[in-house]
Amino acid sequence: MKTVLVIGGGVTGLKASSELAEMGYNVALVEKEDYLGGQVAKHKYYKLAPDLRLAGEVIDPVIKAVESNSNIKVYKHSHVVAVSGNAPEFKAKIKNSKGESEESFGAIVVATGFDHFDPTVKQEYGYGRFKDVVTNAEVEEMLNPNGSTKGQLKRPSDGKTPKKIAIFQCVGSRDRQVGNPYCCRVGCVVSTKQAIEIKEKYPDSEVYVYYMDMRMFGRGWEELYGKAMEDYEIIFTRGRGAEVTLKNQQLSLRAEETIMDRPIQHSVDMIILAAGMAAGEGTIDAAKVLGIKQNDYGFLSPKDDFLSPNESSKPGIFIAGADKGPMDIENCIVEGAAVAAKVAGSLKN
Amino acid sequence: MSEENKNPITDAIESTKGGHFYKEIMKDFRIKESLHGCLNCGTCVANCPAAAFYDYSPREVCQMIIEGDEETIEEYMKGKIWNCAQCYSCKYRCPKENSAADIVMAMREIAVREGLAAEALAGYTRIAKLVLTRGNQLAPDMLSPDAFPDWGPRMIELSSKKMEMREELFEGFPGMNVVDRAWAAEDYTIYEMQKIWEESGALEKVGTVFPFLVDIVQDDMDDKKDEMEARIQEKKAKLEASKK
Ligand SMILES: Cc1cc2nc3c(=O)[nH]c(=O)nc-3n(C[C@H](O)[C@H](O)[C@H](O)COP(=O)(O)OP(=O)(O)OC[C@H]3O[C@@H](n4cnc5c(N)ncnc54)[C@H](O)[C@@H]3O)c2cc1C
Ligand code: SF4
Ligand code: SF4
Ligand code: SF4
């Protein structure tokens, strides 16, 4: 039986590994961090959209399925530094603090995921200059009882609970100025979810979402949006957040209220940037080592988007999950299973 | 299609797009670079100093060109586009990399050419005259509190105390009440500038908006002509000599 190399231990790589192992294949799962679970674990996501279900309820069983399967060997804190050969006879060098080893594989799955867009380059938002301008990933961690603020939403500047909170949509997405014209595909639902979580915890707070379009296309997303407006009185303002300044120690934002046709300024206590998904460094590294094609934004290109969505530009090397472009967890799990089936099929021939 | 079956909305859009002014604008080389669709996000408006003080919106400018309604375009060329400060904030912030600033500039040129600008620019007569005869665009005496709302409320306060402040600064200053230029340009420099205006055809263009200014400039030039032309000859001779 051939061994399959899976690179990346996020939800996609985990699902692919456990599916392959269940089919009887041996799997080597290489993860560069010292934990499994990818971005969900890194930023301690607390509740998932759209059901506000605990992230642990989803991610823990997926991790457990990998850790309890003896067909899977997990390499944490490890990198694939070189790959040679062709399908179905690859040789890969795996490197970690203990040393380097070379092993043979029949197929390779790349599930290296994404990085959160770094909003520092959108200087007009003041991220990195104003302490109380934070990212949605940082808020995920704050809302988690096991996170840095033990589940409390706190202003980094003074540790106080903010009363007025504005959320900026599409940060680093749908924006030619930063070279990312694509949609992040999760920002809208994640912001709506975070707004609800904040209102549930702090009913006296005011939460404003500055948006261009609410793209609520997923299962239950539109319903969540309705709930946010009807049950939680979250205020959705149609206009993109344009600029943040500090006036008398308070954050002040500028936008256009595009339905009323007028420019506005709005003083708030905290601003959350719905930073989108960018191709991660890990994905770019993996593409280099494996010599597979990337698209204009650095994400991995399928051989054919319609007909072979999980095949890379090279035979025997497969791709899945958020390293192909923005994707939510539900779809990542589907991708993990789909790529496993594709790999199994290729190894039979 | 019978009259009753017409859709008043789509008909309005179809029947008015593609008029003369629209075509002139679309011919300008800047438009293709300045409009890539519009998200209607309002980033441009939020950052626009003109939108903060006037009934003006760079988003509307982009939408207007996309829609192409001839009447609206004509209306804008006569009025709203002249509110833009040409600061280019819209261009450097627009997520579509549109530039209302460039669209406005192209429209202004066409408006002047097509004789649509006279009314909108009437308020600038004094500025144009000063530029053409003194080489300055603003003189301290021209600052009136209501003319420049975008300079903020402090300007109103300052201009009400203008005289006292001047007295404090320049005790016994001759011509206290007439400060008709911001800085002095030499007669020779002004004459040279006027010749450039004349020979490049710019003066003629100014004439389409401010016809009487052409006479004023020409009179001004005539008064100085003999002396200045002599100096030009002198300079030319010097230049020739230095080449030998
Ligand atoms: C703020 C925010 C909140 C979100 N909330 C939700 C939500 O509520 N519901 C939902 O459905 N989705 C949500 N998402 C989307 C979710 O994060 C992604 O769908 C999911 O994390 C993608 O999983 P993945 O395994 O493809 O990638 P990742 O989670 O990025 O995992 C990739 C893994 O690969 C590793 N890796 C990368 N490169 C290498 C390499 N070269 N070598 C070895 N290992 C490597 C990384 O360390 C990482 O562990 C959210 C996204 C954001 C931005
Ligand atoms: S998902 Fe929403 S926040 Fe993200 S880029 Fe698309 S529209 Fe913007
Ligand atoms: S260039 Fe004109 S339209 Fe653009 S932001 Fe400045 S004043 Fe507004
Ligand atoms: S910033 Fe650009 S995309 Fe947004 S409304 Fe203005 S012109 Fe349209």
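These numbers come from a predicted model, not from an experiment.

Cut-offs applied
- Residues numbered from 1 in each chain as written.
- Chains lettered and ligands numbered in written order.
- Predicted model: local features only at pLDDT ≥ 70, side-chain atom pairs only at ≥ 80, totals over all residues.
- Heavy atoms only, no water.
- Buried < 20%, exposed > 50% of the residue type's maximum accessible area, 1.4 Å probe, protein only.
- Helix = DSSP H or I, 4+ residues; strand = E, 2+ residues; numbered from the N terminus.
- Pairing = 2+ DSSP bridges.
- Right-handed = clockwise from strand over helix to strand, strands pointing away.
- Phe/Tyr/Trp six-rings, centres within 6.5 Å; stacked < 30°, edge-to-face > 60°.
- Lys NZ or Arg CZ within 6 Å of the ring centre and 35° of its normal.
- Contact = heavy atoms within 4.5 Å.
- Buried area = accessible area lost by both parts, 1.4 Å probe.
- Salt bridge = Lys/Arg side-chain N within 4 Å of Asp/Glu carboxyl O.
- Near = heavy atom within 4 Å.
- Nonpolar A, V, L, I, M, F, W, Y, C, P; charged D, E, K, R; others polar.
- Polar contact = N/O pair within 3.5 Å; in protein donor to acceptor, adjacent residues only side chain to side chain.

Re the pairing of strand β13 (residues 206-211) of chain A
Along any regular strand, the residues point their side chains to alternate faces of the sheet.
All names here are of chain A.
Next, step 1: Burial analysis of β13 places five of its six residues in the buried class, the great majority of the element.
Next, step 2: By the bridge criterion, five bridges tie strand β12 (residues 164-171) to β13 in an arrangement that is parallel. Following the sheet pairing, Ile-165 is matched in β13 by Val-207.
Next, step 3: Across four bridges, the pairing between β13 and strand β14 (residues 235-238) is parallel. Bridging across to β14, Tyr-208 finds its partner in Ile-235.
Next, step 4: In this fold, β13 hands off to helix α6 (residues 221-230), which returns the chain to β14; that crossover is right-handed.

Some remarks on the packing of aromatic side chains
Both the distance between ring centres and the angle between the ring planes are used here to describe each pair of aromatic rings.
Residues and elements named next belong to chain A.
Next, step 1: For the structure shown, the criterion picks out seven aromatic pairs over all chains.
Next, step 2: With a centroid separation of 5.6 Å and 70° between ring planes, the pair formed by Tyr-182 and Phe-299 is classed as edge-to-face. With Tyr-182 in the loop between β12 and α5 (187-201) and Phe-299 in the loop between α7 (281-290) and β20 (317-319), this pair connects stretches of sequence that are 117 residues apart.
Next, step 3: Across the ring face of Phe-130, the terminal group of Arg-129 is positioned such that the distance to the ring centre comes to 4.9 Å.

Looking at the interface of chain A and chain B
Next, step 1: Tallying the contact residues gives 17 residues for chain A and 20 residues for chain B.
Next, step 2: For the pair chain A and chain B, the two sides together bury roughly 1600 Å², of which 45% comes from carbon and sulfur.
Next, step 3: If you sort the residues of chain A by the area they bury against chain B, Arg-176, Gln-177 and Glu-256 of chain A come out on top, with a joint share of 37%.
Next, step 4: Counting across the chain A and chain B interface gives five salt bridges.
Next, step 5: Salt-bridge contacts for Glu-256 of chain A lead to Arg-59 of chain B; the nearest nitrogen and oxygen are separated by 2.7 Å.

A word on the site of ligand 3
Next, step 1: The immediate surroundings of ligand 3 are formed by Cys-48, Ala-50, Tyr-56, Pro-58, Cys-84, Ala-85, Gln-86, Cys-87, Tyr-88, Ser-89, Cys-90 and Ala-101 of chain B.
Next, step 2: Looking at the shell around ligand 3, its residues break down into 10 nonpolar, two polar and no charged.

What to know about the environment of Gln-86 of chain B
All names here are of chain B.
Next, step 1: Within the element layout of this structure, Gln-86 appears in the loop between α7 (70-78) and α8 (89-93).
Next, step 2: The spacing of Gln-86 and Leu-213 is 127 residues in sequence and 25 Å in space, taken between C-alpha atoms.
Next, step 3: Residue contacts for Gln-86: discarding those within four places in its chain leaves Ala-101, Val-104, Met-105 and Arg-108.
Next, step 4: A distance of 3.0 Å separates the side chain of Gln-86 from the backbone oxygen of Ala-101, its partner in a polar contact.

A closer look at the pairing of β12 of chain A
Residue and element names in this part refer to chain A.
Next, step 1: Along β12, seven of the eight residues are buried, which leaves the element largely enclosed by surrounding structure.
Next, step 2: Examined bridge by bridge, β12 and strand β18 (residues 270-275) share five bridges and lie parallel to one another. Bridging across to β18, Ala-166 finds its partner in Ile-271.

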